[in-house]
Structures are given as structure tokens and as C-alpha cells.
Amino acid sequence: MTATTRNGYATGRLTVHSDPAKLTAVTRALRGAGRKVVLIPTMGALHEGHRELIRHARRMPGAVVPVVSIFVNPLQFGAGEDLERYPRPLEADLDACREEGVELVLTPGVEHMYPPGSEIRVGAGALGAELEGAVRPGHFDGVLTVVAKLFHIVGPDAAVFGEKDYQQLTLVRRMVRDLDFGIGIVGVPTVREDDGLALSSRNVYLDPEQRVRAGVLSRALAAGAGVSARGHDAVLTAARTALDGVPGIELDYLELRGADLGPAPESGEARLLVAARFGRTRLIDNVPVAL
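Along each chain, numbering runs from 1 in the same order as the chain's sequence is written. In view of the model being predicted, local features appear only for residues whose pLDDT reaches at least 70, and side-chain atom pairs are presented and counted only at 80 or more, with totals across whole chains, interfaces and linings using the full set of residues. The basis for every side-chain value is the complete set of heavy atoms in the structure, and neither hydrogens nor water enter the calculation.

**Here's the deal with the pattern of salt bridges**
We count a salt bridge whenever a side-chain nitrogen from Lys or Arg sits within 4 Å of a carboxyl oxygen from Asp or Glu. Inspection of the entire model under this criterion finds 21 salt bridges. Between E193 and R211 there is a salt bridge, with the nearest N and O atoms lying 3.0 Å from each other. Here E193 is found in the loop between β6 (184-188) and α8 (208-214), whereas its partner R211 is found in helix α8, with 18 residues between them in sequence. With a 1.4 Å probe rolled over the protein chains alone, any residue whose accessible area is under 20% of its type maximum counts as buried; one over 50% counts as exposed, and the rest are partly exposed. Take E193: its relative accessible area is 28%, and that puts it in the partly exposed class. To qualify as a helix, a DSSP run of H or I must reach at least 4 residues; to qualify as a strand, a run of E must reach at least 2; elements of each kind are numbered from the N terminus.

**Some words on the side chain of T15**
Among the secondary structure elements, T15 is positioned in strand β1 (residues 15-17). The class of T15 is buried, set by a relative accessible area of 15%. Two residues form a contact once any of their heavy atoms are found within 4.5 Å. Ignoring sequence-local partners within four residues, the contact set of T15 consists of G8, Y9, A10, E103, L104 and V105.

**Section: the sheet that holds strand β4 (residues 104-106)**
Strand order in the open sheet formed by six strands is β1-β4-β3-β2-β5-β6, with parallel pairing between adjacent strands. The sheet terminates laterally at β1 and β6, the two strands that pair on one side only. Strand after strand, the sheet turns through a mean of 25° between neighbouring axes, direction not considered. Of the pairings in the sheet, the one linking strand β2 (residues 36-42) to strand β5 (residues 158-162) comprises two bridges and is parallel in character. By the bridge assignment, V38 is partnered in β5 with A158. Fitted lines through C-alpha atoms serve as axes, helices being fitted only where they are in contact, and the angles separating the N-to-C directions of these axes extend from 0 to 180 degrees. Taken strand by strand, helix α3 (residues 90-99) contacts β1, β3 (64-70) and β4, and its axis lies near 170° from that of β3. Docked against the sheet, helix α6 (residues 139-154) engages β2, β3, β4, β5 and β6, running at close to 150° with respect to β2. Here, strands pair whenever DSSP counts at least two bridges between them.

**Structural notes on the layout of surface pockets**
Residues are called lining when one of their atoms sits within 4 Å of a cavity or pocket point, these points coming from a 1 Å grid over the protein atoms alone, where a cavity is a set in which a 1.4 Å probe fits but cannot get out and a pocket is an open set with protein on both sides within 12 Å along at least five of seven lines. Grid points are joined across faces, edges and corners, and a volume is the space filled by probe spheres set on the points. Roughly 200 Å³ of volume is contained in the second largest pocket. Along the wall of the second largest pocket there are 14 residues; nearest its centre are I70, F71, V72, R88 and P108. Polarity classes work like this: nonpolar for Ala, Val, Leu, Ile, Met, Phe, Trp, Tyr, Cys and Pro, charged for Asp, Glu, Lys and Arg, and polar for all others, with Gly in that last group. Along the lines of polarity and charge, the residues of the lining of the second largest pocket split into nine nonpolar, three polar and two charged.

**Here's the deal with the pairing of β2**
A large share of β2 lies buried, amounting to six of its seven residues. Of the strand pairs in this sheet, β2 and β3 are connected by seven bridges, and their pairing is parallel. Paired with V38 across the strands is P66, a residue of β3. With strands facing away from the observer, any crossover in which the path from the first strand over the helix to the second runs clockwise is taken as right-handed. For the handedness criterion, the β-α-β arrangement of β2, helix α2 (residues 48-59) and β3 is classed as right-handed.

**Let's talk about the nonpolar core**
Core analysis: the biggest nonpolar cluster contains 43 residues, and L104, V147, F151, F161, V172, M175 and I185 have the highest contact counts within it. Of all the elements in the fold, those that place two or more residues in this core are α1 (20-32), β2, β3, β4, α6, β5, α7 (166-178) and β8 (269-278). Sort the elements by how many residues they give to this core and α6 lands first, with 10 residues. Residues lining this core come from more than one domain, with at least three contributed by each of domain 1 (15-188) and domain 2 (203-290). Once you skip the residues sitting within four places of it in the chain, V147 turns out to touch F161, V172 and M175. Within the second largest apolar cluster, 23 residues are counted, among which are L197, L217, L221 and F278. Here, nonpolar core refers to any group of buried Ala, Val, Leu, Ile, Met, Phe, Trp, Tyr and Cys residues whose side-chain atoms link them within 4.5 Å. Note that the domain bounds were set by an automatic or database domain assignment.

**With respect to the packing of α6 against α7**
At their nearest, the axes of α6 and α7 sit 10 Å apart, and the two run at 55° to each other. Looking at the two axes, α6 sits oblique to α7. α6 and α7 meet at a crossing whose hand is right-handed. When α6 is examined against α7, the residues F140, V143, L144, V147, A148 and F151 are found in contact with a partner set consisting of Q167, Q168, L171, V172, M175 and V176. Of the residues belonging to the contact of α6 with α7, the class tally is 10 nonpolar, two polar and no charged. Each angle receives one of four descriptions, namely roughly parallel if under 35 degrees, roughly antiparallel if over 145, roughly perpendicular if within 65 to 115, and oblique otherwise. Crossings are classed by handedness, with left-handed meaning an anticlockwise turn of the near helix from the far one by less than a right angle and right-handed meaning a clockwise turn.

**What about the domain arrangement of the protein?**
Per the domain assignment, the segments making up the protein are domain 1 (15-188) and domain 2 (203-290). The centre of domain 1, based on its C-alpha atoms, is set 26 Å off from the matching centre of domain 2. Each partner contributes to the interface: domain 1 provides 17 residues, whereas domain 2 provides 16 residues. As used here, buried area is the combined drop in accessible area, with a 1.4 Å probe, of two parts when they are placed together. Here domain 1 packs against domain 2, burying approximately 1500 Å² in sum over the two surfaces, 51% of which is carbon and sulfur. Of all residues in domain 1, the largest losses of buried area upon contact with domain 2 belong to R85, L131 and Y166, amounting jointly to 44% of the total for that side.

In C-alpha cells:
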């Protein structure tokens, strides 16, 4: 049995909106009725990691309505990156949302998010030019711009992000703090395949041999975290030794940072991050480290 509202929401049934204004009207009405709106921003190609984000949102206390956005954001792709070949299995994504009990999905077009004449962008600051930002200039400006727009469209009480994209999570938290969005940002631990490889929409690009080799990323991070009591140098040496033992990997960076991605402390919570290429496919991963 479903109860349908006049503005396009049905309890227990998936409703898809491509027009952001219509979605805004629905979420405003839900919040006015005492419901808690939680946004899960995605670029589609949903996998088990995305499903865990949805499940986490549904487990949050209160009368929660998860809203999944599916939008391949062109602003976060640089020249020569995989915008055109990025997977877009919309029907499979909507099936996954139905299976996870999602009732609202936003699928805007580029013309909705960036209409002609749209010029203003969010700047990611100094951290946005480090790590991923050093390899992908402007990437995080594009990420924060689309996330800010989604926050305004959906008006969520909270938003859920995966820790696999830890720099993105950190920058979103900074944007919310610095620009006074008043939205709770929730990080969910990385979901991994049986060999430890972090789930990613880009894993499908790996050929069988590359897929086997890619498992070294999580092994290297685990090796580093496993010797954290011995200090910074030991962590990085252990991780790098694991990576050096595998052919066909092009390392972009391996860094130990603080939990806020500032300099790593002498003791306390830190983060070990890695990015590497296997052929044309670039993967990232990270783990918490207790120094």
C-alpha cells in the first residue's frame, strides 16, 4: 500500500525526478511534515559501496527519507579523463535504488545543473590542489560546485559520503563548515571486494591481469597501517615495499597525512593514502592509521 502526496512522493515507491525544482518542492514538503531528508550524491554506476551508503542513511535515527542523486558531473573531469566512457547504467541504478528502499531519485541533465551562462564555481582552497588535486587540477572545484548545488536543491538535513574518496569527504566537510551550510556530513567506511580492493565504478575498466594486480593497493595500505607503532617512516616504507613488488603499476602518490589531511602528527589519528594507475585505469584508496 502506498500513500501518494500531491507533489510527487509516494511512501514505499520509487519516484524519479529529472527537474531539480520538482524535487525541491517534494523535499520541502517532507521536511515540513517532520521527515528527515538525507542525501546520497552519486555519479551512478551503483555498486555495493553505494548500497551501503543508502543502508547507512536508512539506519539513521528519525523519520529518514533517503534521496539519491545520479549525475555524471562534467566539471570534475579534466582533459583526457574518462567523462565520455564513464558508465551510465541508469535502469540498473534505479533497480538498485528500488531494492534498497529508496523513494526519491534525482537525475538532472547538464542543462539543469549548468544552464547557459552559468559561470560561478566553488573554490576548493589549498587542499584542493594537493594529492588528487595535484594530479587532477580543478577536480575538487568541480566536486564542491556540484555538491553545493545539490545541497541547495535537496535541502538535506544530512548527506552521506564514502571514505574511499577521503579527500572529497574532507573538503565537503570544510565547505559545509566554512560556508555555514548547516548540514551533517556522514562518512561511511570503504566497502571492499574479497581481496581487499576498494569498490569503485572504475574497477570495471580493469582487464583480468590488472584486476589481480590492483589488489596490491589494499595490501600495501594494510602493511603500512600494521607497523604504525613504529612511526611515519616505517609506515611509508612498509607500504612502498608492498607496491614495489608488483609490476605494471604506475604510482601517482603514497602519502601519510593527518586525519584532516594536514601534516601527519607524531602520534594520534592519521590517514595513509595511495593513488596508482593500472594501464588506463586510475584507482585510489586509503586507510586510517593510529600512530
